[in-house]
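Tertiary structure, described
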Amino acid sequence: MHYLAIDIGASSGRHIVGWQEDGIVKTEEVYRFPNGVTEQGGHLVWDMDALLSHVKDGIDRALKQFPGIVSLSIDTWGVDYVLLQGEDEVRPCYAYRDSRTEAVIPAVHEKTPFEELYARTGCQFQPFNTIYQLYDDLQKGRLEEVTDFLMVPEYLMWKLTGIKAREYTNATTTGLVNAETREFNLEIVRRLGLPDGLFPALSQPGTVVGEYKGIKVVLCATHDTASAVEGILAVADTADSPTRSAGRLGRSVAPALPTRSFDLVGAPQLYISSGTWSLLGVKSPVPLTDENSRIANYSNEGGVGYIRYQKNIMGMWIVNRLRDELCPDKPFPDIVAEAERSAFDGTVDANAPDFLAPESMKAAFDAALSAKPQSVGDYFRCAYRSLALSYRDAIRELETNTGRTYEKLYIVGGGAKNRFLNQLTAEATGKEVIALPIEATALGNLKIQMMEVK
C-alpha cells in the first residue's frame, strides 16, 4: 500500500509517497513546488489559491506514478489560519511574519496577563501567535459573521474533502489550548471576546477526515514540527542509525515503522530539528508550565500522545548569513573543511539579539569578539562552536527544568548533515549525538497514516 505525505514549509512544499517493503520504509518525492509570502495592501499574506493548486497538482502527479495510494495527509507550519463565513472564505490569509499584531499584544495581556496565559496553555510568547492575530481580527471587525477558522493544513484538507476538522498539534501553536485538558480554553476565549463557536472540540492525529479522488484524507500531526518529531521517533525507536538515501530527489529508505505505540518517557530523548532555527526539546508525558519554564521561554506543544517540551533557539541562520557575505559561491563542504582547519578559539552568544537580523552578520561577529577572525575558516569555526555551546546551555536548562539527565541527542534537518557541527555538539554537551539525515517531517506524516490506515 502506498501513502502520500504533503509537507509544506514557508518556502517550499513537497509530495512524498511512502510504502513498506521487505522490512523497510521506502519513499519517493514526486512533486516539489515553491511557496512564500506576498505583499498585499501593506501586509504579508499567503497565496492560498496557488497553494491549493499545487497541492492538487502534486496529488495528480502522485496518482499517475502510484495509482494505489490509500491515504494522504498534509502538514504545514503553525500559527496561521483562514477565516470562513460558512463556505465562503474571508481573505486575505495573513502570514505570521506580518507586523499587524504588535499594536494589540498589550491589550491581550491586559485582559489576561501573559503569566496566566502561560500557566494555562504552556505556549511560549511569540508576537505572531494565533491568539494575537485573532484579537487583531476582532478589533478590525474581521470576525463579524465568521463561523470558522481553520489552520492552514485544515483549510487545505477541507478544500479536498468538504469536512472542517481541527487538529490538536497545530492548535497548540495558537496560545489558546489548555495544556492539561488539550482542548481550547474557553475561559481565555471569552475574556478576549472571541466567538465561542470558533473553538470546537479538537481531533487527534490519525483521525480520518474524508476522501479525495478515492484517497482517504487523514489528520497527521499537522504542525510540521510535531510530524518531524514523529519522524525522529520512527527511526530512532527502530534503529540508531542514519537513513540510507539515494539523493534529495528520488527514492530513499528507512527502517520499518513499528505498529505499537511509543513509550512516553523512553528513548529517544533529546532532539534538535536543525534548520534556519533550531528546535531543541524532549517529549514529556505532562506539560511543564512552571515559572522556570516560562522564564526560559520553553513551549509545551502537542505531540502524538505526549507533550513536546521545546525551545526555539538559533540555528543555521548565522551560518547562512555569513556565507552570503563572505563566500556566496563556495560549497558548504569546502566551508566546513576550512572551519575544521582553523584554530580560532573565540565564540559568541549565538542567541544574542545582535545576531537576529543584523545588516551585516560579519560585522555583528566582529563587534562581539575581542580577537577578530582572520579568515573565512575562522568565522565559520566561531559560528559552529557558538551553536554547539548554545545547544549545551539550552540542554542544561532543559535538564534542570525537567529534573532529568538525558544521554542521547537526535538531530534532523540541515545540521544533521554537518559532521563537524555534530562533533562539536557532542564535545560541548557530553551527549551521544545521533544524526538522522532524513526527511523527518514527511516520515512522521507517513508513519501516522501507516499506523491508522491498513
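Residues numbered from 1 in each chain as written. Predicted model: local features only at pLDDT ≥ 70, side-chain atom pairs only at ≥ 80, totals over all residues. Heavy atoms only, no water.

Helices and strands together make up the secondary structure of the chain, namely 15 helices and 20 strands. Taken over the C-alpha trace, the chain has a radius of gyration of 22 Å; the compact-globule value for 454 residues is 22 Å, and the two agree within 12%. Across its three principal axes, the chain shows a C-alpha extent of roughly 65 × 60 × 45 Å. Across the chain, contacts joining residues at least 24 apart in sequence account for 71% of those joining residues at least 6 apart. For the chain, the computed accessible surface area is about 17900 Å², with 49% contributed by carbon and sulfur atoms. A gap of 4 Å separates the mean positions of the 46 positive and 60 negative side-chain charges of the chain. (Helix = DSSP H or I, 4+ residues; strand = E, 2+ residues; numbered from the N terminus. Rg over C-alpha atoms; globule rule 2.2 N^0.38 Å. Contact = heavy atoms within 4.5 Å. Areas by Shrake-Rupley, 256 points an atom, 1.4 Å probe, with all protein chains shown as cover. Lys, Arg positive; Asp, Glu negative; His and termini not counted. Charge placed at Lys NZ, Arg CZ, Asp CG, Glu CD.)

Attention now moves to the pattern of salt bridges. In the structure shown here, the tally under the stated rule is 29 salt bridges. A salt bridge links K159 to E89; the shortest N-O distance between them is 3.1 Å. A residue pair is termed long-range when its members are at least 10 positions apart, and K159 in helix α5 (residues 152–161) and E89 in strand β8 (residues 88–90) qualify at 70 residues. Look at K159 and you get partly exposed, because its relative accessible area is 31%. Residue classification places E89 among the partly exposed residues on the basis of a relative accessible area of 24%. Of the charged contacts, one joins E187 and R191 as a salt bridge, the two residues approaching to 3.0 Å between their closest N and O atoms. A residue pair is termed a helical-turn pair when its members lie 3 or 4 positions apart in one helix, as E187 and R191 do in helix α7 (residues 186–192) at four residues. By relative accessible area, which is 38% here, E187 ends up partly exposed. The class of R191 is partly exposed, set by a relative accessible area of 30%. (Salt bridge = Lys/Arg side-chain N within 4 Å of Asp/Glu carboxyl O. Buried < 20%, exposed > 50% of the residue type's maximum accessible area, 1.4 Å probe, protein only.)

This brings us to the side chain of E399. Looking at the secondary structure, you find E399 in helix α13 (residues 376–402). Look at E399 and you get buried, because its relative accessible area is 16%. Not counting chain neighbours up to four residues away, the residues in contact with E399 comprise R404, T405, Y406 and K431.

Formed by 76 residues in total, the largest nonpolar core has its most connected members in I318, F365 and Y384. Filtering out sequence-adjacent residues up to four positions away, F365 remains in contact with I318, L322, V348, F355, Y379, C382 and A383. Counting residues in hydrophobic clusters, the runner-up holds 40 residues, among them I6, V30, M157 and Y212. (Core = buried A, V, L, I, M, F, W, Y, C linked by side-chain atoms within 4.5 Å.)

Taken as a whole, this structure holds four cavities of 30 Å³ or more when the rule is applied. Around the largest cavity, the lining comprises 13 residues; the ones closest to its centre are T121, T172, V177, A179 and N300. A per-class count over the lining of the largest cavity returns seven nonpolar, five polar and one charged. Its volume calculated, the second largest cavity comes out at about 50 Å³. Lining the second largest cavity are F114, L117, T121, C123, Q124, N129, I131, Y132 and G175. Of all elements in the fold, only α3 (114–121) and α4 (130–139) reach the threshold of two or more residues within the lining of the second largest cavity. The element contributing the most residues to the lining of the second largest cavity is α3, with three residues. Taken together, the residues of the lining of the second largest cavity break down into five nonpolar, four polar and no charged. (1 Å grid on protein atoms, 1.4 Å probe; cavity = no way out; pocket = protein on both sides within 12 Å on 5 of 7 lines; lining within 4 Å. Points joined across faces, edges and corners; volume = space filled by probe spheres on them. Nonpolar A, V, L, I, M, F, W, Y, C, P; charged D, E, K, R; others polar.)

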